[in-house]
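Below, each chain spelled out in residue letters.
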Amino acid sequence: MRKSHIAVLVAALAAAPVFAQTAAPAPAAAPAVVKTPAGGTIKAVQPGLFEVAGPRVNDVVAAGIQKITATPGKGVRSIAVQSPWGESYFGWPKNVKPVPFTITTGKPAGSATISAPGFTKENSADYKAAIEAVVPFAIAKTNDNKKWALGSGQ
């Protein structure tokens, strides 16, 4: 009987590493969420993205833009802007590296989410330059569309 107990103990010790639990992967960094002056929130999906794009995202919300989608490689339709006054399309400005990003505004009112799948700490300057160039132009185009739609622009 004693030999069988020892055999079971040896078998259990040998099998223990097989049943041991592995450590859970580290959780992904939580998106940065910051309050806007209008009382909404801005959520940056990638860590560090808010510091690069935050102030311009506030400008997008204030202009009434619903979505900006910047996609490299689509020529004169690389950047799409959606607003209640229509859609605008344009290409990348000269001397700005095309980088993909999306700014979506909406629910709740005054809130926005910015996502840039390729964003890293190393290429943050490329994203900052692209956002700094694209957003003011998108706002100007949206303001033109708004004037036209409301009948006050020519």
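Residues numbered from 1 in each chain as written. Predicted model: local features only at pLDDT ≥ 70, side-chain atom pairs only at ≥ 80, totals over all residues. Heavy atoms only, no water.

Some details on helix H2 (residues 49-63)
Over its 15 residues, H2 extends 21 Å from the first C-alpha to the last, a length consistent with the 21 Å expected when each residue adds 1.5 Å. Burial in H2 covers these residues: Leu 49, Phe 50, Val 52, Ala 53, Gly 54, Val 57, Val 60, Val 61 and Ala 63. Phi turns positive one or two residues past the end of H2, at Gly 64, with a value near 85°. (Helix = DSSP H or I, 4+ residues; strand = E, 2+ residues; numbered from the N terminus. Expected span 1.5 Å × (residues − 1). Buried < 20%, exposed > 50% of the residue type's maximum accessible area, 1.4 Å probe, protein only.)

With respect to the confidence of the model for the chain
In the predicted model, the chain carries a mean pLDDT of 82, and the fraction of residues at 70 or more is 73%. Mean pLDDT values for the elements of the chain range from 53 in helix H1 (residues 2-19) up to 97 in strand S4 (residues 79-83). Contacts for the low-pLDDT stretch residues 24-28, under 50 throughout, to residues beyond four places or in other chains number zero contacts. (pLDDT = per-residue confidence, 0-100. Contact = heavy atoms within 4.5 Å.)

Overview of the environment of Val 76
Here Val 76 shows up in the loop between strand S3 (67-70) and S4. Val 76 sits 15 residues away from Gly 91 along the chain, and the two C-alpha atoms are 4.0 Å apart. In this structure, Val 76 is in contact with Tyr 89, Phe 90 and Gly 91, ignoring residues within four places of it in sequence.

Let's talk about helix H3 (residues 124-150)
The α-helix advances 3.6 residues per turn, and as a result positions three or four apart in sequence lie on the same side. In this model, H3 (27 residues) spans 38 Å end to end at C-alpha, consistent with the 39 Å of a helix rising 1.5 Å per residue. Those residues of H3 that fall on the buried side of the exposure criterion are Tyr 127, Ala 130, Ile 131, Val 134, Val 135, Ala 138, Ile 139, Thr 142 and Asn 145. On its buried face, H3 sits against H2, S3, S4, strand S5 (86-90), strand S6 (101-106) and strand S7 (111-115). Gly 151 lies just past H3 and shows a positive phi near 80°.

Things to note about the pairing of S5
Two faces belong to every sheet, and in a regular strand the side chains alternate between them. Note: S4 against S5, five bridges, orientation antiparallel. Looking at the pairing, Val 81 lines up with Ser 88 of S5. Between S4 and S5, which pair antiparallel one after the other, the connecting turn spans two residues. (Pairing = 2+ DSSP bridges.)

As for the nonpolar core
Of all hydrophobic cores here, the largest spans 32 residues; its most connected members are Ile 65, Ile 68, Ile 79, Trp 92, Phe 101 and Ile 114. Sort the elements by how many residues they give to this core and H2 lands first, with eight residues. Aside from chain neighbours lying at most four places away, what touches Ile 68 is Val 60, Ile 79, Ala 80, Val 81, Phe 101, Thr 102, Ile 103, Val 134, Val 135 and Ala 138. (Core = buried A, V, L, I, M, F, W, Y, C linked by side-chain atoms within 4.5 Å.)

Observations concerning the pattern of salt bridges
Counted under the stated rule, the structure contains four salt bridges. Close ionic contact of Asp 59 with Arg 56 constitutes a salt bridge, the shortest N to O distance being 3.2 Å. A residue pair is termed a helical-turn pair when its members lie 3 or 4 positions apart in one helix, as Asp 59 and Arg 56 do in helix H2 at three residues. Taking the shortest distance from any N to any O, the salt bridge between Arg 56 and Glu 132 comes out at 3.1 Å. Highlighted residues: Arg 56 in helix H2 and Glu 132 in helix H3, separated in sequence by 76 residues. (Salt bridge = Lys/Arg side-chain N within 4 Å of Asp/Glu carboxyl O.)

A closer look at the side chain of Thr 142
Secondary-structure assignment places Thr 142 in helix H3. Those residues within four positions of Thr 142 in sequence are excluded, and the remaining contacts are Ala 63, Ile 65, Val 81, Ser 83 and Trp 85.

So, the packing of aromatic side chains
Enumeration according to the criterion identifies two aromatic pairs in this entry. A ring pair is formed by Phe 90 and Phe 137, whose centres lie 4.7 Å apart and whose planes are at 75°; its orientation type is edge-to-face. Within this pair, whereas Phe 90 is found in strand S5, its partner Phe 137 is found in helix H3, the two being separated by 47 residues in sequence. Here Phe 137 falls in the partly exposed class, since its relative accessible area comes to 40%. For the pair Phe 119 and Tyr 127, a centre-to-centre distance of 5.5 Å together with 75° between the ring planes defines the contact as edge-to-face. Over the face of the ring belonging to Tyr 89 we find Arg 77, whose NZ or CZ atom lies 3.7 Å from the ring centre. (Phe/Tyr/Trp six-rings, centres within 6.5 Å; stacked < 30°, edge-to-face > 60°. Lys NZ or Arg CZ within 6 Å of the ring centre and 35° of its normal.)

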